[in-house]
Each structure stands twice: as C-alpha cells, then as structure tokens.
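Geometric and topological summary
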Amino acid sequence: MTKHPTRTRRAQALREMLENDIATGRYPAGSRLDEVTLANRFEVSRTPIREALIELSVAGLVEIRPRRGSFVRDIGIARLIEMFEVMADLEASCGRLAARRITSVELARLKAAHEACTEAQRGGDPDAYFRANQTFHETIYAASHNGFLAEQALHLQNRLKVYRRLQLRVPNRVANSLAEHDQIVGAIAAGDAAAAAEAMRQHVLIQGERFNDFVASVAAHRQETSAEQINAAE
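Quick summary incoming for the structure in this document. (Residues numbered from 1 in each chain as written. Predicted model: local features only at pLDDT ≥ 70, side-chain atom pairs only at ≥ 80, totals over all residues. Heavy atoms only, no water.)

1. Structural notes on the layout of surface pockets
Short version of the rule: A cavity here means a set of points on a 1 Å grid, drawn over the protein atoms and nothing else, where a 1.4 Å probe fits but cannot get out; a pocket is an open set with protein on both sides within 12 Å along at least five of seven lines, and a residue lines either one if it has an atom within 4 Å of a point. Grid points are joined across faces, edges and corners, and a volume is the space filled by probe spheres set on the points. Comment: elements are numbered from the N terminus, with helices defined as DSSP H or I runs of at least four residues and strands as E runs of at least two. Note on residue classes: Ala, Val, Leu, Ile, Met, Phe, Trp, Tyr, Cys and Pro are nonpolar, Asp, Glu, Lys and Arg are charged, and everything else, Gly too, is polar.
Of the volumes computed, that of the largest pocket is approximately 230 Å³. Forming the walls of the largest pocket are 12 residues, and the residues nearest its centre are Glu-16, Asp-127, Phe-130, Arg-131 and Arg-165. Where the lining of the largest pocket is concerned, the elements lending two or more residues are α1 (5-23), α6 (126-143) and α7 (147-167). Classifying every residue of the lining of the largest pocket gives 2 nonpolar, 4 polar and 6 charged.

Below, the structure written as structure tokens:
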C-alpha cells in the first residue's frame, strides 16, 4: 500500500524535529520516547509519531525494544567522528568515479545544485543551504554510476544528517563549505578523479579545528536546550 503524501511529509517533519532534539540534548541517550507524550506535544495522532520513530530506528538514532518502547541510542562524539571518517572515504569514492563517469546531464544538475547552495549562502539561510547541499551530494552519488556505493553513501548520510546540519551552524562553515563545493565541481568537470576524490574527502572529514568547532557546536546546542527546559519549568 502506498503511503499518503501528506502523512509521509508529516512523519518526515516529525523525524527532523526529533532528530534535532536528540542531537541537541533535549532527549539524552537512554531517554524513553513515549508515543502518547510526543503525540500530545506535536498535536498529532500516534501514527505519524510511530512512523517517525521507525525511521529514526533505521537511521540508528533510536532503539525500539519490544514491549518496552523506543529509547534514544547513545552515540558519543568518538563514534560520530568514526562515522564521519567512513563517510569521507565513501564520498571520496563517489567523487572519483563521478569525475570519470558523469554525463553532461548530470553535470548540469550538479552545477544547478551548486548554484542553489550559492543562493542559500547569499541569503544567509543555513537550512536552505543544507537542503541544497543534500541534493549536491546525492547528485554526485548518482553520477558515480555505482549503485551499491551510492546506496551505502546515502545510508550513512541519513544517519549523520542531523549532525551535518548542526555543523553548518558553526561560524563561517557555510561559506567554507561553498568554497569546497567550487573545488569539487571544478575537479569533476575537468575529469580529474584524484582531485575530485581528495576534495570530497576533505569536504566531509572532520579534523583539527573543524573537529573542535563541531564539538563546541553540539555542546552549545545542548546547553541552550537545557537552559530552555529550566526556564520553561520555572
């Protein structure tokens, strides 16, 4: 049976809100995500809540325990960095193959996605940039013409989606990300597989100062959430 589009969009919106709440600490590791409580909070039925929790379970953020409910998984900073390292290598492979195999139509799509990122950056809208950025990366996955690789890259991208979104809120990260996109597009358009792979790897890999900025960003969001909860309780 095909899901109703409106219901699917509602579940997706709920998933994104819950993702952000988990990443920023509103629901710490081990917290039970009660369907009734969440349904009341978001003023929806339990069905879209249940669908959102299932999607979060597939993404690895939530564990659904039979007859006990749904609980937030413990994903520490060290684990996240490991996942970003794997993501960097997967995307590097996509970039390398895309530089060799991309078609003229796919290259036009990639440039259009890059332009959408540019417009979002000019407008100062990190959320719009994030959405355009997803299209940018997924276009490169498809242009690799390796279905299995594209599936694995997309799967891990979905698991890291909320943290990639938070990373874009680090000062100057959107502008720097856009400059990295310039290098990626240039290398792929030139058919330079080695340069495309390295540009993609460095674009995704969190290291050095970017690692510290990322950790600080997550911590800041969690502190803000805790402060909001305390103020709401007063």
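So much for the structure itself; the text now carries on.
2. Section: helix α2 (residues 35-42)
The line we're drawing: Three exposure classes are used, based on accessible area relative to the maximum for each residue type with a 1.4 Å probe and protein chains only: buried under 20%, partly exposed in between, and exposed over 50%. Directions from the helix axis toward the C-beta atoms define the arc. Whenever a nitrogen or oxygen atom comes within 3.5 Å of another N or O atom, the pair is scored as a polar contact, on the condition that within protein one atom can donate a hydrogen and the other can accept it, and that pairs from neighbouring residues in sequence are kept only if both atoms are in side chains.
Of the residues making up α2, those classed as buried are Glu-35, Leu-38, Ala-39 and Phe-42. Down the axis of α2, the smallest arc covering the buried residues is 100°, so these residues share one side. The outward face of α2, more than 90 degrees from its buried face, is lined by the exposed residues Thr-37 and Asn-40. Near the N-terminus of α2, the side chain that reaches the backbone nitrogen of Val-36, with its oxygen 3.3 Å away, is that of Asp-34. In the stretch just after α2, Glu-43 is the one whose phi turns positive, near 55°.

3. Points about the pattern of salt bridges
The test is simple: What makes a salt bridge here is a side-chain nitrogen of Lys or Arg within 4 Å of a carboxyl oxygen of Asp or Glu, nothing more.
Under the criterion given, the structure shown has 13 salt bridges. Where Arg-32 meets Asp-34, a salt bridge forms, and the shortest distance between an N and an O atom there is 3.0 Å. Overall, Arg-32 belongs to the partly exposed group, its relative accessible area being 46%. Across the salt bridge formed by Arg-122 and Glu-115, the nearest N and O atoms sit 4.0 Å from each other. Under the relative-accessibility criterion, Arg-122 is labelled exposed at 64%. Its relative accessible area of 37% is what places Glu-115 among the partly exposed residues. One salt-bridge network, in which partners are shared between bridges, spans Arg-15, Glu-19 and Glu-55.

4. Regarding the environment of Cys-94
Applicable threshold: Should any heavy atoms of two residues lie within 4.5 Å, those residues are counted as being in contact.
By secondary structure assignment, the location of Cys-94 is in helix α4 (residues 77-101). Residues Cys-94 and Leu-149, spaced 55 residues apart in sequence, show a C-alpha to C-alpha distance of 7.3 Å. Every residue in contact with Cys-94, bar those within four places of it in the chain, is listed here: Ile-140, Tyr-141, Ser-144, Leu-149 and Ala-153.

5. Quick look at unusual backbone geometry
A positive phi angle is found at Glu-43, which is not glycine, with a value near 55°. Locating Glu-43 in the fold gives a position in the loop between α2 and α3 (46-58). In this structure, His-145 is a non-glycine residue whose phi angle is positive, near 55°. Mapping His-145 onto the fold places it in the loop between α6 and α7.

6. Quick look at the packing of helix α5 (residues 104-122) against α6
Going by this rule: For every element, the axis is a line fit to its C-alpha atoms; helices are fit only across the contacting stretch, and the angle between N-to-C directions ranges from 0 to 180 degrees. Just so you know how the angles are binned, under 35 degrees is roughly parallel, over 145 roughly antiparallel, 65 to 115 roughly perpendicular, and the rest oblique. The crossing is said to be left-handed when, going from far helix to near helix, the turn is anticlockwise and less than a right angle, and right-handed when the turn is clockwise.
The contact between α5 and α6 brings their axes to 8 Å, and the two run at 165°. Our classification of the angle between α5 and α6 gives roughly antiparallel. Where α5 crosses over α6, the two elements pack in a sense that is left-handed. In contact with Glu-106, Arg-109, Leu-110, Ala-113, His-114, Ala-116, Cys-117, Ala-120 and Gln-121 of α5, α6 contributes Ala-128, Tyr-129, Ala-132, Asn-133, Thr-135, Phe-136, Thr-139, Ile-140, Ala-142 and Ala-143. In terms of residue class, the contact of α5 with α6 is built from 12 nonpolar, 5 polar and 2 charged.

7. Some words on the sheet that holds strand β2 (residues 62-65)
We count it as follows: Two strands qualify as a pair provided DSSP detects at least 2 bridges between them.
Pairing is antiparallel in the open sheet, where 3 strands are placed in the order β1-β3-β2. Each edge of the sheet is formed by a strand with only one pairing partner; in this case those strands are β1 (32-33) and β2. Where β2 meets strand β3 (residues 69-72), 4 bridges bridge the pair, whose relative direction is antiparallel. Within the sheet, the bridge partner assigned to Glu-63 lies in β3 and is Phe-71. Strands β1, β2 and β3 of the sheet are contacted by α3, whose axis makes an angle of about 115° with β2.

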